Amino acid sequence: MTTEPITWSKAKPGGCGACGGHGPESPDEAPETPRERVNRRWNEVMQETRVAQTGVQILFGFLLSVAFTPLFHDLGTFEHAVYVITVVSGATATACLIAPVSIHRFLSGQRMKDEMVEVAHRLMMCGMLLMAVTIGCTLLLILHVVVPGFMAKLLVGGVMVWFALSWYALPLWLRRRSARGAAREDRPDGACG
C-alpha cells in the first residue's frame, strides 16, 4: 500500500490531473488543498458514474429481454451475431461503469483516493467507449430489421460519427483550445508566437 500521492506531470495548477487539468483556477476561486482537490475529483467521478450507469443498465436490461421474444428466433445469423456483440459489450460497459463503486468499497479508508480517482477515470473512459459500441450495435440490430440493406448501416455509421464527435472530438478540441488560451496568457507582452 502506498501513502504517497500520485504526481500528475501533465496537470495544470488547479486541474484534475487525470485528464491533464481543466486550466488555471479563476481568480475568484479559493485555492484547494490537495485533499480538497482529490475529494472534489472523486465526487465528480461518482456523479458522472451515476449518470452513465443508469443509461447502460436500462439499455442492458432491454437487451437481455430481446432474446426471449418470439421474433428473435426468426432473425438470421447476422442479427444473432450483432446481438451477441451487443450483449457482451453492454455487459462489459456495465462492469466498467460500476467498478468505481466496488473499488471505493474495497479501498475506503486506505488513503488511496488519488489512485482510486485515476483508476475510476480510466474505467469511465473505457465504459463510455463500450457503451457507444453497445448503442451502435443496438441501433444496427433494430435498423437492420426495420430498414433492411445498406441504409441501416449508413444510418448507424452516421450516429456513430456523431458519438465520436460529441463524446471524444469535442472535449479534446475544447481542451486544446483552453490550453492554447492559457499559453497565450502566459506569454510575456509583445511576444509573438
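Residues numbered from 1 in each chain as written. Predicted model: local features only at pLDDT ≥ 70, side-chain atom pairs only at ≥ 80, totals over all residues. Heavy atoms only, no water.

Visitor: Whenever I open this one, the confidence of the model for the chain confuses me. Can you help?
Guide: The predicted coordinates should not be examined in detail at positions where pLDDT is low. In this model, the chain carries an average pLDDT of 81, and 81% of its residues clear a pLDDT of 70 or more. Least confident of the elements in the chain is helix H1 (residues 34–66), whose mean pLDDT is 84; most confident is helix H3 (residues 113–146), at 91. Below pLDDT 50 for its whole length, residues 1–20 participates in 41 contacts with residues either more than four positions away or in separate chains. (pLDDT = per-residue confidence, 0-100. Helix = DSSP H or I, 4+ residues; strand = E, 2+ residues; numbered from the N terminus. Contact = heavy atoms within 4.5 Å.)

Visitor: For this particular structure, what's the right way to read the state of the cysteines?
Guide: One way to say it: the disulfide is the covalent bond shared by the sulfur atoms of two cysteines. In this structure the tally under the stated criterion is 0 disulfides. Sulfur of cysteine 96: no disulfide; nearest cysteine sulfur belongs to cysteine 126 and is 3.8 Å away. When its relative accessible area of 11% is taken as the criterion, cysteine 96 is described as buried. (Disulfide = S-S within 2.5 Å. Buried < 20%, exposed > 50% of the residue type's maximum accessible area, 1.4 Å probe, protein only.)

Visitor: I tried to follow the side chain of threonine 86 on my own but got confused; where do I start?
Guide: Note that threonine 86 resides in helix H2 (residues 77–107). For threonine 86, a relative accessible area of 0% translates into the label buried. Residues contacting threonine 86, with those up to four places away along its chain left out, are Leu63, Thr134, Cys137 and Thr138.

Visitor: Got a minute to help me understand the pattern of salt bridges in this structure?
Guide: Charged atoms that come close allow side chains of opposite charge to pair. In the structure shown here, the tally under the stated rule is 3 salt bridges. Where glutamate 44 meets arginine 40, a salt bridge forms, and the shortest distance between an N and an O atom there is 3.0 Å. Of this pair, glutamate 44 and arginine 40 both sit in helix H1, 4 residues apart, roughly one helical turn. For arginine 40, a relative accessible area of 25% translates into the label partly exposed. The closest approach of N and O atoms between glutamate 118 and arginine 122, which form a salt bridge, is 2.6 Å. Of this pair, glutamate 118 and arginine 122 are both found in helix H3, 4 residues apart, which corresponds to roughly one turn of the helix. Relative accessible area serves as the criterion here: at 55%, arginine 122 is assigned to the exposed category. (Salt bridge = Lys/Arg side-chain N within 4 Å of Asp/Glu carboxyl O.)

Visitor: Explain H2 to me, please; I cannot follow it from the model alone.
Guide: For an α-helix, the turn length of 3.6 residues means that residues three or four places apart are oriented alike. End to end, H2 covers 44 Å across 31 residues, agreeing with the expected 45 Å (1.5 Å per residue, within 8%). Immediately beyond the C-terminal end of H2, within one or two residues, lies glycine 109, with a positive phi of roughly 85°. (Expected span 1.5 Å × (residues − 1).)

Visitor: How should I be thinking about unusual backbone geometry in this particular structure?
Guide: Negative phi characterises most residues that are not glycine, and trans characterises most peptide bonds. Of note, arginine 111 is a non-glycine position whose phi angle comes to about 60°, a positive value. On the basis of relative accessibility, which here comes to 70%, the residue arginine 111 falls in the exposed class.

Visitor: Just checking my understanding: could you explain a positive patch on the surface for this structure?
Guide: The grouping of Arg175, Arg176, Arg177, Arg180 and Arg184 at the surface amounts to a positive patch. Of note, arginine 175 is situated in helix H4 (residues 150–186). According to the relative accessible area criterion, arginine 175 is partly exposed, its value standing at 39%. (Patch = residues over 30% accessible without salt bridge, like charges linked within 9 Å, V, L, I, M, F, W, Y side chains within 5 Å. Areas by Shrake-Rupley, 256 points an atom, 1.4 Å probe, with all protein chains shown as cover. Lys, Arg positive; Asp, Glu negative; His and termini not counted. Charge placed at Lys NZ, Arg CZ, Asp CG, Glu CD.)

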